[in-house]
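Coordinates in review
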Amino acid sequence: MNNDSLQELVEKVSMECFDRAFEHQAYFNKRLRTTGGRYILNTHHIEVNFKYYEEFGEEELIGIIKHELCHYHLHLMGKGYKHGDQEFEALLKQVGAPRYCSSLPSIQKKNKNVFYRCKDCNYLYKRKRKVDITKYRCGRCKGSLLLKKGIDS
């Protein structure tokens, strides 16, 4: 799928689900990482994350398009287009658009915990991010820390 076929799909979904024409541009933005798509307020264009099409297919893509079209049409009509607005939530339900897109399997964060053990009191610290062991000390005894690969190490 390319930008031209995406534009046609957005126009088709807009007419079928909203009975309104989509008169702006829709295109893939390969730099999007954590979101399925976005509606740009200034230009009224819609950007879609190409990875969602690659990994989930057209069904997920249509859900993202419906969601962004809800923002688009409500904004142009001067109604509440933001996620917390009642009109937005009602339109999502009406057209069957998802509130959130699925998480991409390729970028899902693994449960990567980092463990540190105090040299003096052997207290075990579990962290989500690495810390600089030259700057940080044990909170119990002020001893120096050692990086561990796992709990048993």
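The rules behind each value
Each chain carries its own residue numbering, running from 1 in the written order of its sequence. Reporting in this predicted model follows two pLDDT cut-offs: at least 70 for local features of residues, and 80 or more for side-chain atom pairs to be given and counted; totals over whole chains, interfaces and linings ignore these cut-offs and use all residues. Computation of side-chain values covers all heavy atoms of the structure but excludes hydrogens and water. Every helix listed is a DSSP run of H or I at least four residues long, and every strand listed is a run of E at least two residues long, numbered separately from the N terminus. Here the radius of gyration uses the C-alpha set of atoms, whereas the globule reference equals 2.2 Å times the residue count to the power 0.38. Accessibility here uses a 1.4 Å probe with only protein chains present; expressed as a share of the type maximum, an area under 20% marks a residue as buried, one over 50% as exposed, and anything in between as partly exposed. Note on definitions: a residue-residue contact is assigned when non-hydrogen atoms from the two residues lie within 4.5 Å. Only the protein chains shown count as covering a residue, and every accessible area follows the Shrake-Rupley method with a 1.4 Å probe. Distance and chemistry together define a polar contact, namely a pair of N or O atoms within 3.5 Å, with one atom able to donate a hydrogen and the other to accept it when in protein, and with adjacent residues in sequence counting only for side-chain atoms on both sides. Where helices are involved, their axes are fitted lines through C-alpha atoms of the stretch in contact, as for all axes, and angles between N-to-C directions lie from 0 to 180°. To sort the angles, those under 35 degrees are grouped as roughly parallel, those over 145 as roughly antiparallel, those from 65 to 115 as roughly perpendicular, and the leftovers as oblique. Throughout, a crossing is termed right-handed when the near helix is turned clockwise from the far one, and left-handed when it is turned anticlockwise from it by less than a right angle. Basically, the charged four are Asp, Glu, Lys and Arg, the nonpolar ten are Ala, Val, Leu, Ile, Met, Phe, Trp, Tyr, Cys and Pro, and anything else, Gly included, counts as polar. By nonpolar core is meant a set of buried Ala, Val, Leu, Ile, Met, Phe, Trp, Tyr and Cys residues that side-chain atoms within 4.5 Å join together. At least two bridges found by DSSP between two strands are what make those strands a pair.

Some details on the overall build of the chain
A count of helices and strands for the chain gives 4 helices and 6 strands. Walking the chain from its N terminus toward its C terminus, one meets helices and strands in the order α-β-β-β-α-α-α-β-β-β. Scaling as 2.2 N^0.38, a compact globule of 153 residues should have a C-alpha radius of gyration of about 15 Å, whereas the chain reaches 23 Å, well beyond that. Viewed in the frame of its principal axes, the chain has a C-alpha envelope of about 70 × 35 × 25 Å. Relative to its full complement of 153 residues, the chain shows a buried share of 35%. When contacts within the chain are restricted to residue pairs at least 6 apart in sequence, long-range pairs at least 24 apart make up 45% of them. Entry remark: accessible area of the chain is about 10,200 Å², with carbon and sulfur atoms responsible for 46%.

Section: the side chain of His44
Structurally, His44 is set in the loop between strand S2 (37-39) and strand S3 (46-48). Relative accessible area serves as the criterion here: at 18%, His44 is assigned to the buried category. In terms of polar contacts, His44 uses its side chain to reach the side chain of Tyr39, at 2.6 Å. Apart from residues lying up to four places away in sequence, His44 is in contact with Phe22, His24, Tyr39, Tyr72, His75 and Leu76.

Quick word on the packing of helix H1 (residues 3-18) against helix H3 (residues 58-77)
The packing of two helices is summarised by the inter-axis angle and the distance between the axes. In contact at an axis separation of 10 Å, H1 and H3 are set at 65° when each is read in the N-to-C sense. As far as their axial angle goes, H3 and H1 are roughly perpendicular. The two elements H1 and H3 meet at a crossing, and its hand is right-handed. Across the interface between the two elements, Leu6, Leu9, Val10, Val13, Ser14, Cys17 and Phe18 of H1 pack against Glu58, Leu61, Ile62, Ile65, Lys66, Leu69, Cys70 and His73 of H3. The residue inventory of the contact of H1 with H3, partitioned by class, reads 11 nonpolar, 2 polar and 2 charged.

Topic: the nonpolar core
Counting 26 residues, the largest nonpolar core has Leu6, Ile46, Ile65, Leu69 and Cys70 as its most contacted members. Residue assignment for this core shows that the elements contributing at least two residues are H1, strand S1 (26-28), S3, helix H2 (50-56), H3 and helix H4 (86-95). With residues near it in sequence (within four places) discarded, Leu69 still touches Val10, Val13, Ser14, Phe18, Phe22 and Ile46.

Considering the sheet that holds S2
In space, the 3 strands of this open sheet follow the order S1-S3-S2, with mixed pairing throughout. Sheet topology places S1 and S2 at the edges, where each strand pairs with a single neighbour. Across the sheet, the mean angle separating the axes of adjacent strands is 15° when strand polarity is ignored. Summarising the sheet, S1 and S3 pair through 3 bridges and their orientation is parallel. Considered in S3, the bridge of Phe28 is made with Val48. With respect to the sheet, H1 is in contact with S1 and S3, its orientation differing from that of S1 by roughly 140°.

Coordinates in, geometry out; function isn't part of it.
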